[in-house]
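# Descriptive analysis of the structure
Now for the letters of each chain:
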Amino acid sequence: MTDNPAATNDVAVSLRARINTSQPHTARIWNYWLGGKDNYEVDRAAGDQIRQLHPGIGEYARADRLFLGRAVRHLVDEVGIRQFLDIGTGLPTADNTHEVAQRIAPDARIVYVDNDPLVLAHARALLTSTPEGRTDYLDEDLRNVDAILEHAAKTLDFSKPVALMLLGVVIFIGEDEDPYGLVRQLTDRLPSGSHLVLSHTITSPSMPDVDDAVKFWNEHGTPKLTQRTPEDVTRLFDGLELLEPGVVSCSRWRPEGTDGAEPEEVAMFGGVARKA
C-alpha cells in the first residue's frame, strides 16, 4: 500500500506552483549529478560550475547513494530492521530506501520526509511499495520533530526498532540551530535497537576545492549549507554505538567489490550507529 500526500492531482498542481525554476536548488542539482532528469537548466548550469570548482563532486554524490544501499541492506538483512524513517529524501532515483529494503524484506515500511515541492510532486509516481509493505510521504521540515514523528506513527510502529536515515540533510542545519541537539531529539524518541544512518559533507584542509564549491553554492543556491569537520560529524552520533568502521568517507563504509583495495576518499562522510 502507498499512502502519499502527493497522491491527488490538486495537490500536485499546488506543489508545482511552489517550485522556483529561477534559482538552483540542491535536490535538483544532486539529481543532475546522479544522471537524473528532474532538474532545470539553472540547476545544470550551477552544477557544472560547482563541478569545475570541485571535479570530484559527482563521485561523492554517487558514493552517498551507494552508502545508502549498503547501510539499508545491512540493517534489513543482518539486523532485522523493517522500518525506516528517511528524512531529507531528495528526488527519487534508482535504489531508493524502500526499493533496497523491500527487495530483501517485502513487508518493510518506509516513511519519507522532505519539504522540497519538486520532490513531493514526484512522490506519487516514483515512490511505490510492495503489496506486503507500505510507503508514506510527508511534506515537512527536519526541524519539526514532533510533527514528523506524529505523522510517521501512522505508518511505523515506534515500539519496534526504526532506522532513521539522515543522508546529506543535516548540512542544511546551521550551528545556531543546534544540529547535535536536533539529531538527539529524534534518536531519543526511538526505541532501543533503532539505528541512525547519517552522511554529511565535510570540510578538510586536504580538500580545499570542497570549501570553494560550498562558498559558490551559498552565494548562488538554496538552501544554504553548513560544512562540518569529520570530528563534528562524529559528534552527531553522540550517545549511540557506532558500527565499524565508524564515521568515514562514504566510499569506505563497508565497500563491496573492491578486491581489498581501499576506495578513494570523498568529501561525504557517513556512519551507522545503534541505540542501546
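Structure shown above.
Reading guide: rules and limits
Residues numbered from 1 in each chain as written. Predicted model: local features only at pLDDT ≥ 70, side-chain atom pairs only at ≥ 80, totals over all residues. Heavy atoms only, no water. Salt bridge = Lys/Arg side-chain N within 4 Å of Asp/Glu carboxyl O. Helix = DSSP H or I, 4+ residues; strand = E, 2+ residues; numbered from the N terminus. Buried < 20%, exposed > 50% of the residue type's maximum accessible area, 1.4 Å probe, protein only. 1 Å grid on protein atoms, 1.4 Å probe; cavity = no way out; pocket = protein on both sides within 12 Å on 5 of 7 lines; lining within 4 Å. Points joined across faces, edges and corners; volume = space filled by probe spheres on them.

### Some details on the pattern of salt bridges
Throughout the structure, instances matching the rule amount to 13 salt bridges. Note that Asp107 is salt-bridged to Arg82, the shortest N-O span being 3.7 Å. With Asp107 in the loop between helix H5 (97-104) and strand E3 (109-114) and Arg82 in the loop between helix H4 (57-79) and strand E2 (83-87), this residue pair connects regions lying 25 residues apart in the sequence. We note a salt bridge from Arg184 to Asp188, for which the minimum N-O separation is 3.0 Å. Separated by 4 residues within a single helix, Arg184 and Asp188 lie in helix H8 (residues 179-188), roughly one turn from each other. On the basis of relative accessibility, which here comes to 48%, the residue Asp188 falls in the partly exposed class. Connected through shared salt-bridge partners, Asp141, Arg143 and Glu177 make up one network.

### Concerning the layout of surface pockets
Counted as a void, the second largest pocket has a volume near 310 Å³. Together, 18 residues line the second largest pocket, and Glu59, Ala63, Ser251, Glu264 and Val266 are the ones closest to its centre.

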